Amino acid sequence: MVERFLAFGKPRFLIYGLLIFMSFLYLLPLYGLINTSFKTSKGIASGPITPVDHLYFGAYKKAFSSLKRPLINTSIIVVGATVLSTTLGAMTGYVFSKFKFKGSEVIFFLIVLGFYLPYQSILIPLVRFMGTVHLFNTYFGLILTHTAYGMPITTLLFRNYYASIPNELLDSASVDGCTFFSAFTKIMLPLSLPGFAVVGIFQFANIWNDYLFGLTLTQGVQAQPVTVAVANLKGTMTAVWNVQMAGAMIASLPIILVYIFLLKLVVKGLLMGSIKG
Amino acid sequence: MARRKLGIVLFSLPAIALVSIFVYVFVGQSINLSFTDWRFARPIHWIGFDNYIRLFTLDRGFQTSLINTVKLTVFFIGLTIPLGLGLAILLDLGVKGRGFFRTIYLIPLSFSFVVSSVMWMWSFLPESGTINTILRTIGLSCLAQPWITSTSQSLWSVGIVYIWQFSGFATLVYYTGIASVNPELSEAAVIDGATTWQKYRHVIIPQQKPATVTILILTLMYSLKCFDLVWLMTGGGPGYSSEVLATYMYKVTFNQNKFGYGASIGIVLVVLSMGVVGLFLHYMRRGEHG
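On a predicted model such as this, the values are computed, not experimentally measured, just so you know. (Residues numbered from 1 in each chain as written. Chains lettered and ligands numbered in written order. Predicted model: local features only at pLDDT ≥ 70, side-chain atom pairs only at ≥ 80, totals over all residues.)

A. Seen up close, the nonpolar core. Counting 161 residues, the largest nonpolar core has V230(A), A248(A), L229(B), L245(B) and I265(B) as its most contacted members. Looking at this core, the element that brings in the most residues is helix α4 (residues 58–98) of chain A, giving 14 residues. A domain-level breakdown of this core finds at least three residues from each of domain 1 (2–45) and domain 2 (58–275) of chain A. (Core = buried A, V, L, I, M, F, W, Y, C linked by C-beta atoms within 7 Å. Buried ≥ 20, exposed ≤ 12 C-beta atoms within 10 Å, placed from the backbone. Helix = DSSP H or I, 4+ residues; strand = E, 2+ residues; numbered from the N terminus. Domains from an automatic or database assignment.)

Now the structure itself:
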């Protein structure tokens, strides 16, 4: 059957039909999200597939008023943790891609192994630790947590990235009198701007979308990230679907923008993180 | 030389320190806790393997979560891989707008699980949800399902969301893998009279092993770690019908305040994920030696 379908001339319309049908399935939940977010409660009653007849922004206003503080929180946490984990990842990646020393491979392996850690296994000590050092419910507590658990992937990504920069470049630089540090700032850093973009976006998206750490390391809105606040809209506004949808839209807007404008870098990050991992 | 040593230490120390504490010390503490009966505001006693014995012999909730985790993993991976491969092949058949379709399939990956859970709970509503409404509108009301509200379907419903979210990623990895197959090989096969189907079956698909392993390890990790979607969509319910290890651990720890017992469930998860990593390393090593 498949054989005949593929070999028999080229039933283009069938291929396109399948691709379009799949696109429809992939976009269906998103349609529900956008459509419902612009509806009034009355509009919702007209059914989930009926397109919105006039744009209503009330749900966005309501959602935004509950999400204002969490949006600021998330922005601070995401920027802090992305900058920190990306910078540290570049430094560590530099070391493990260009210098061999006793135990370097074992140490590198042990760092990257952290990527496969199920977070449930460290939740209790993590919460306890954050309480002990008074970082529970603080920005810095979350920044530190995201940075720490980001290290395995940022180190791996940068090591793979730097591995593609020829060693000869460093050798000739060291002949020219470049030290460890100046080789990094004068040779590696200028060459790694694309790497920073890819890893930075990867981390930005991951940390922005985090739920578990936000849920366990914050209490109330003080440091609460936007994902947790959106999930809580459900509890506080029972069955007010348009507000929930609007909240979900607001919370995903930055990521959607990144995907739209920086898709190439996103794809590169996904492939870098996966294929060589 | 001394400067280089200093550089290596300075540059790698922050990462080493962070990972040592947040990964290895914390896992060590969890192992320690898992041998105690620590509960909120109660004295701690060392109880040896009691928690583990209880998990595997008495605790129905745990056993159900373990089985559900395996079921969800098999369902999720078993459909994500063929779907990803199939879509990648369709895109490879010289269609116009490949990039466009690939982007659409990748869209779900951009959303946080929180946002996906909101969209899908709306889609799954039995009475007024998008899916059942569409089925009724096109005259297929017999296919309308109770989805997450039913004990027999809640786990699979969550699985569908996972597939929706990750299959575009599998498509991307396979698509890249197919594009990197040496074109001379497939051309030679076509010259030798291979049909399009034979070209894929005998030349291209056999070379997708690295892509498959990549997708396998990532999807396996995601299904072991899965917490957000289950927690937000079903809370593990109805009953224990969609309970997985990660949500059960969370309930035991943060709702019932049984920290020692919760730690032991976390350790079971670590053992499982290290098993996955071990299998992966084994495969890589075999690959290296041919």
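B. Inspection of the confidence of the model for chain B at higher detail. When pLDDT is averaged across chain B, the result is 90; 98% of the residues are at 70 or more. Interface predicted TM-score (ipTM) for the complex: 0.90; the corresponding pTM is 0.90. (pLDDT = per-residue confidence, 0-100.)

C. Quick peek at helix α9 (residues 180–191) of chain A. For α9(A), with twelve residues, the first-to-last C-alpha span of 16 Å sits near the 16 Å given by 1.5 Å per residue. Residues of α9(A) that are buried in the fold lie against α4, α7 (139–163) and α8 (167–175) of chain A together with α1 (2–34) of chain B. (Expected span 1.5 Å × (residues − 1). Contact = placed C-beta atoms within 7 Å.)

D. Up close: the domain arrangement of chain A. Residues and elements named next belong to chain A. Taken domain by domain, chain A holds domain 1 (2–45) and domain 2 (58–275). The straight-line distance from the C-alpha centre of domain 1 to that of domain 2 is 32 Å. On the domain 2 side, the residues contacting the eight residues of domain 1 number nine residues. Broken down by secondary-structure element, the contributors of at least two residues to the side of domain 1 that touches domain 2 are α2 (12–37) and α3 (41–45). For the side of domain 1 that touches domain 2, the element with the most residues is α2, which contributes four residues. Classifying every residue of the side of domain 1 that touches domain 2 gives three nonpolar, four polar and one charged. (Nonpolar A, V, L, I, M, F, W, Y, C, P; charged D, E, K, R; others polar.)

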